[in-house]
Amino acid sequence: MKKLIGLDIGSYSVKAVDIKVSSKDIEVKNFGYDLLSRESIVEGEIMDTNLVEEVIRTVFTNRKIKNKNLSISISGRNLILKAVTIDAVGEEKVRNTLEYEFPNHIPYEREDIFYDFSIVSEEGGRSDVLIAAAKKEVVNSRVNLLKSLGLVPLAVDTAAMAIQNAYQAIHGPLSGTVFIADIGAEKTSFSIVVNGVPKFVREIPVGGNHYTDVIAKELGVNYEVAERIKLGEEKSASDLEELFDATNQNLSNQMKRSLEYIKGTAPLMINKGILTGGGSLTPGLMDFLKNEMDASDIEVFNPVEFVKAPAELLPQLQKVGPALSVCIGLAMRKVR
Ligand SMILES: Nc1ncnc2c1ncn2[C@@H]1O[C@H](COP(=O)(O)OP(=O)(O)OP(=O)(O)O)[C@@H](O)[C@H]1O
Ligand SMILES: [Mg+2]
């Protein structure tokens, strides 16, 4: 089996992790991190290729990451997710039927699409299936960009799956109905997992950037200063939690709407909520969601609390914390 470096290209930062998983523990061997400017990636699309390439190169060279074999993710707008019912049971029969019925389910030409699926449930000769699809054009352009840097992407996962893998490697299998909110910079990826099987994923256009924007607007400061105030690196007399109220409410409403939407296809009771991504550190957000959402238990998932790492890497790892869930999950992938 080949070991892979997890590479997560977010709109706020690029993260690369090399880990070693043993029966005893998870050990971070190496970790590269660098920030992107806000204009470099917008709505999941790379706007400034040179800059993104430069940052990826820096992430690998600064930390002397030698392994070039990568595990990468696609998410957000680049990902088409669809729940469908197929008149077949069993992996192979479902696959064959899906191939045949492809035009009924995915609004693109078959030859333009990569896809994978998971069987959510089977009953009376039919299967509920969740399809994850991406345009070849989008995947290939990412792959080609990485190849041009001498890197070799060997596995592609959805970001939601990567988080689930990281969580389960640390805490064991997910049971019951669980929502996972990956609160990034541009957006929140909101997914629902029932007994370990992904049922639903939706992108909510609210993330850390929106909180920074509120500070900038309300306090009349520029984006950079606002970001430092949010991160507690610069003092401000204002009560941030109060400033964030409308944005918290917006995010919470959209999360609740997604839960409403899946009622009927999943048990109504939400057993657990998992918040992760850098935005999960937004002051007051977790308490706000605890009050608003009908989940008995909401936690922030910070994989860094559960890994071993060399002392020189620890301060940066701890600072980035929950923003590493996708990357650590990706780094757990191995290929033949
Ligand atoms: N300590 C903190 N407190 C509040 N917000 C934070 C903190 N640390 C990071 N953030 C915010 O988290 C966001 C970045 O999170 P993350 O790294 O998960 O995003 P990304 O994966 O790069 O972006 P996206 O997934 O939206 O493309 C930024 O908006 C940043 O301001
Ligand atoms: Mg992200």
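For the structure itself, look to the data block above.
Residues numbered from 1 in each chain as written. Chains lettered and ligands numbered in written order. Predicted model: local features only at pLDDT ≥ 70, side-chain atom pairs only at ≥ 80, totals over all residues. Heavy atoms only, no water.

**Student:** Before we go on, may I ask you to explain the pattern of salt bridges in this structure?
**Tutor:** Oppositely charged side chains may form a pair once their charged atoms are brought near each other. Tallied over the entire structure, the rule returns 17 salt bridges. Residue Arg63 pairs with Glu312 through a salt bridge whose shortest N-O separation is 3.8 Å. Remark: Glu312 occurs in the loop between strand E16 (298-300) and helix H10 (314-320) and Arg63 occurs in the loop between helix H1 (49-62) and strand E7 (69-74); sequence separation between them is 249 residues. Glu299 is paired through a salt bridge with Lys272; the nearest N and O atoms lie 2.7 Å apart. With a gap of 27 residues between them, Glu299 in strand E16 and Lys272 in strand E15 (residues 272-276) connect regions that are remote in the sequence. Residue classification places Glu299 among the buried positions, given a relative accessible area of 19%. (Salt bridge = Lys/Arg side-chain N within 4 Å of Asp/Glu carboxyl O. Helix = DSSP H or I, 4+ residues; strand = E, 2+ residues; numbered from the N terminus. Buried < 20%, exposed > 50% of the residue type's maximum accessible area, 1.4 Å probe, protein only.)

**Student:** Looking at this model, I keep getting lost on the packing of H1 against helix H3 (residues 136-148). Mind explaining?
**Tutor:** Each pair of packed helices can be summarised by the angle the axes make with each other and by the distance between the axes. Interaxial distance between H1 and H3 falls to 10 Å at its minimum, and their mutual angle equals 55°. Between H1 and H3, the angle is such that the two are oblique. As H1 runs across H3, the sense of the crossing is right-handed. Contact residues: H1 offers Thr49, Glu53 and Ile56, while H3 offers Leu145, Leu146 and Ser148. For the contact of H1 with H3, the class distribution of residues is three nonpolar, two polar and one charged. (Axes fitted to C-alpha atoms, helices over the stretch in contact; angles between N-to-C directions. Parallel < 35°, antiparallel > 145°, perpendicular 65-115°, else oblique. Left-handed = near helix turned anticlockwise from the far one by under 90°. Contact = heavy atoms within 4.5 Å. Nonpolar A, V, L, I, M, F, W, Y, C, P; charged D, E, K, R; others polar.)

**Student:** Explain the packing of aromatic side chains to me, please; I cannot follow it from the model alone.
**Tutor:** Evaluation of the coordinates by the stated rule reveals six aromatic pairs. Both rings, one in Phe31 and one in Tyr33, keep their centres 6.0 Å apart while their planes meet at 40°; by these two values the pair is tilted. Taking the centre distance of 5.0 Å and the plane angle of 70° together, the rings of Tyr167 and Phe301 count as edge-to-face. Here Phe301 lies in the loop between E16 and H10 and Tyr167 lies in helix H4 (residues 159-171), a separation of 134 residues in the sequence. Pair check on accessibility: Tyr167 and Phe301 agree, each one buried. (Phe/Tyr/Trp six-rings, centres within 6.5 Å; stacked < 30°, edge-to-face > 60°.)

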